[in-house]
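The primary structure of each chain is shown beneath.
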Amino acid sequence: MDEVVDSSRRLSFEHHGIEPIPNAERTATVFDFMRVEWGGLNSLATAVLGAFPVVLGLSFWQGLTAAITGIAIGAFILAPMAIFGPISGTNNAVSSSAHFGVVGRIVGSFLSLLTAIAFFSISVWSSGDAVVGAAVRAFGIRGSEGLYAASYALFVASVMAVCVYGFRMMLLVNKVAVVAASGLFLMGFYVFWNRFDPGYPGAGYRWGDDHFWPAFVSAVLIILANPISFGAFLGDWSRYVPRDTSKRALMAASTGAQFLGLVPCAFGLITASIIARDAPKYLESINYAGGLLAITPDRFFIPLFILALLSGMSTGTTSLYGTGLDFSSVFPRLSRAAATLLIGSISAVLIFVGRFCWNVIDSITAFVSLIVVATTPWMVIMTLGYVIRRGYYLPEAMQVFNRGAKGGAYWFRGGWNLAGCLSWGLSSSIALLTVNIPGQFVGWLGDFTGGIDVSLLAAVIVPAILYPIFLCVFPEPRSVFGPDGPRWVPTTDAPLAPVVSERQPVKPVQ
């Protein structure tokens, strides 16, 4: 009986918004957290990104090296983002109030919105196309633009339903999807193995020559986009983990989930090399889903159909849930469910317009790469801020803006922390200037290094230098750093601004 009651509670509609999760309800485990992150990776959308080293002309082994490099770098940058949820009980964008101000934290909300739309779109397009193509071949139905539209609509509606229902339903979906998708990917390796040539030469680039490096670095950045895309969302799930959970365990779980994403990434790389040899026209138009359908044997169409269904659900829910949650704090009048419906509806419009009107699918990789160089400085500032503050945070002070109030520990200057905001703005701008994606986007400084994209280096190094400097120029009150004080930076004795509520009573800031 107790088990039935517990199961019912776990699958009940989620009423929590952006307010801190009560300790009694933080019942998720580290493995639950890892499984949700893994579920968001274990999809055809990741396979699409894994195909890009081949699209860029790399050989199989060069592409595999780029994939491992991108995942390793991305996982290292991402891992600290897992620890903020248990500390604050809320998501990472709201947690960033400590470093950007309770108003300036909209920087994180804006980045999560762009990321969610990009990866939700990739998920729906890749899974929707695969579902239609597999259904046409497996069941003999007739394909049409209307059928593609219906497929996209089905995915959008299903993902929105799961996200509106809440975290527990999303966790259940990923419990099923992770196991099933993993089995289907392994089946795919078996089906395609006889046609795979590990000696696939690509465009014939030699390791280290002038043409190799631009392609290799671009491939690394595209693969790295997957781990970085989770930066704003890890707190959405880790907030359900108990506060005293080991931070090392959470970071290890996040890193492990990212490396498990190498499975679908390798599937995309292997099948792309087959497509490049047997159906190259699809890669020329960057149509991985079409190429995959063209090379897939009849016996794998039904498994591919199921894999596409699972992929769309797992990746779509991990993208949309967090953004709906976060925008319920940006627009406090909206509940979590209402904000999820709003963001989902906007995303749906962009998905249909991008597919049938503007044909922006070819440019989605450039968009994803630009998100990387804008999000990475934000993550670096969050990580440095944690180290400088010795992990000391005031969760109630993060909620001031969401409750329609002003003041408190993280009010700083009108709700903005100049050190964090200026560091992010300058760092992301410099990083964008150094982007070099041939044929799609080249910044003003993109050719400065001979065609090699150094935007990631800029996105990591520049904020690591600027943020401590700006903390010295714009010192923060001593009281926000806790009893042990900050590392490395000066403080002021300025008193905290009193909390003034405009809408409802506000809990005292401790």
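Everything in this summary refers to the structure shown in the same document. Bear in mind that the values here come from a model prediction, so they are computed numbers and not experimental data.

Quick notes on the rules
- Residues numbered from 1 in each chain as written.
- Predicted model: local features only at pLDDT ≥ 70, side-chain atom pairs only at ≥ 80, totals over all residues.
- Heavy atoms only, no water.
- Salt bridge = Lys/Arg side-chain N within 4 Å of Asp/Glu carboxyl O.
- Helix = DSSP H or I, 4+ residues; strand = E, 2+ residues; numbered from the N terminus.
- Buried < 20%, exposed > 50% of the residue type's maximum accessible area, 1.4 Å probe, protein only.
- Expected span 1.5 Å × (residues − 1).
- Bend = angle between axes of the 7 residues up to and from the residue.
- Patch = residues over 30% accessible without salt bridge, like charges linked within 9 Å, V, L, I, M, F, W, Y side chains within 5 Å.
- Areas by Shrake-Rupley, 256 points an atom, 1.4 Å probe, with all protein chains shown as cover.
- Axes fitted to C-alpha atoms, helices over the stretch in contact; angles between N-to-C directions.
- Parallel < 35°, antiparallel > 145°, perpendicular 65-115°, else oblique.
- Left-handed = near helix turned anticlockwise from the far one by under 90°.
- Contact = heavy atoms within 4.5 Å.
- Nonpolar A, V, L, I, M, F, W, Y, C, P; charged D, E, K, R; others polar.
- Phe/Tyr/Trp six-rings, centres within 6.5 Å; stacked < 30°, edge-to-face > 60°.
- Lys NZ or Arg CZ within 6 Å of the ring centre and 35° of its normal.
- Core = buried A, V, L, I, M, F, W, Y, C linked by side-chain atoms within 4.5 Å.
- Polar contact = N/O pair within 3.5 Å; in protein donor to acceptor, adjacent residues only side chain to side chain.

Topic: the pattern of salt bridges
Phase 1 of the analysis: Per the counting criterion, the structure on display carries eight salt bridges.
Phase 2 of the analysis: With its nearest N and O atoms 3.8 Å apart, the salt bridge here joins Arg137 to Asp298. Of the two residues, Arg137 is situated in helix H9 (residues 106-139) and Asp298 in the loop between helix H17 (288-295) and helix H18 (301-330); the sequence distance between them amounts to 161 residues.
Phase 3 of the analysis: You can call Asp298 exposed: its relative accessible area is 61%.
Phase 4 of the analysis: Arg195 is the salt-bridge partner of Asp278, the closest N and O atoms lying 3.0 Å from each other.

Remarks on H18
Phase 1 of the analysis: Here H18 spans 43 Å end to end across 30 residues, near enough to the 44 Å set by a 1.5 Å rise per residue.
Phase 2 of the analysis: Along its length, H18 reaches its greatest deviation from straightness, about 30 degrees, at Thr317.
Phase 3 of the analysis: Within H18, 26 of the 30 residues are buried, leaving the element largely enclosed by the surrounding structure.

Focus on a nonpolar patch on the surface
Phase 1 of the analysis: A cluster of nonpolar residues, Leu457, Ile461, Ile465, Ile469 and Val473, forms a patch on the protein surface that exposes about 460 Å² of accessible area.
Phase 2 of the analysis: Position of Leu457 relative to the elements: it lies in helix H22 (residues 455-473).
Phase 3 of the analysis: Judged by its relative accessible area of 55%, Leu457 falls in the exposed class.

Things to note about the packing of helix H5 (residues 60-78) against helix H12 (residues 212-229)
Phase 1 of the analysis: Where H5 contacts H12, the axes come no closer than 7 Å and their chain directions differ by 45 degrees. Between H5 and H12, the angle is such that the two are oblique. In the packing of H5 onto H12, the handedness of the crossing is right-handed. Listed contacts from H12 to Gln62, Thr65, Ala66, Ala67, Thr69, Gly70, Ile71, Ile73, Gly74, Ala75, Ile77 and Leu78 of H5 are Phe212, Phe216, Ala219, Val220, Ile223, Leu224, Pro227 and Ile228.
Phase 2 of the analysis: Among the residues forming the contact of H5 with H12, the class breakdown is 15 nonpolar, five polar and no charged.

Re the packing of aromatic side chains
Phase 1 of the analysis: Inspection of every chain in the model, using the stated rule, returns 20 aromatic pairs.
Phase 2 of the analysis: Among the aromatic residues, ring-to-ring pairing joins Phe185, Phe189, Phe192, Phe267 and Phe300 into one connected group.
Phase 3 of the analysis: Looking at Arg355, its charged tip hangs above the ring of Tyr148, at a distance of 5.3 Å from the centre.

Structural notes on the nonpolar core
Phase 1 of the analysis: Of all hydrophobic cores here, the largest spans 153 residues; its most connected members are Trp237, Phe267, Trp378 and Tyr410.
Phase 2 of the analysis: The leading source of residues in this core is H9, at 15 residues.
Phase 3 of the analysis: Not counting residues within four places of it along the chain, the set of residues in contact with Phe267 comprises Ala47, Phe185, Gly188, Phe189, Phe192, Tyr288, Leu292 and Phe300.
Phase 4 of the analysis: Listed in part, the seven residues of the second largest apolar core include Ala66, Ala215, Phe216 and Val220.

Digging into the packing of helix H10 (residues 145-165) against helix H19 (residues 336-356)
Phase 1 of the analysis: At a closest axis distance of 10 Å, the pairing of H10 and H19 adopts a crossing angle of 160 degrees. With respect to H19, the element H10 is oriented roughly antiparallel. Between H10 and H19 the crossing geometry is right-handed. Contacts between H10 and H19 involve Glu145, Tyr148, Ala149, Tyr152, Ala153, Val156, Met160, Cys163, Val164 and Tyr165 from the former and Arg336, Ala337, Thr340, Leu341, Gly344, Ser345, Ala348, Ile351, Phe352, Arg355 and Phe356 from the latter.
Phase 2 of the analysis: For the contact of H10 with H19, a count of residues per class yields 15 nonpolar, three polar and three charged.

Overview of the side chain of Thr318
Phase 1 of the analysis: When you line up the elements, Thr318 lands in helix H18.
Phase 2 of the analysis: Within the structure, the side chain of Thr318 is placed 3.2 Å from the backbone oxygen of Ser314, a separation counted as a polar contact.
Phase 3 of the analysis: Within the structure, Thr318 has its side chain in polar contact with the backbone oxygen of Thr315 (distance 2.9 Å).
Phase 4 of the analysis: With sequence-adjacent residues up to four places away left out, Thr318 is seen in contact with Val36, Gly40, Met170, Asn174, Phe233 and Trp237.

Overview of unusual backbone geometry
Phase 1 of the analysis: Although it is not a glycine, Ile286 adopts a positive phi angle of roughly 50 degrees.
Phase 2 of the analysis: Looking at the secondary structure, you find Ile286 in the loop between helix H16 (280-284) and H17.
Phase 3 of the analysis: Phi at Trp488 is positive, roughly 75 degrees, even though this residue is not glycine.

Description of H5
Phase 1 of the analysis: A rise of 1.5 Å per residue sets the reference length of H5, with its 19 residues, at 27 Å; its end C-alpha atoms lie 26 Å apart and thus fit the reference within 8%.
Phase 2 of the analysis: Those residues of H5 that sit buried are Phe60, Gln62, Gly63, Leu64, Ala66, Ala67, Gly70, Ile71, Gly74, Ala75, Ile77 and Leu78.

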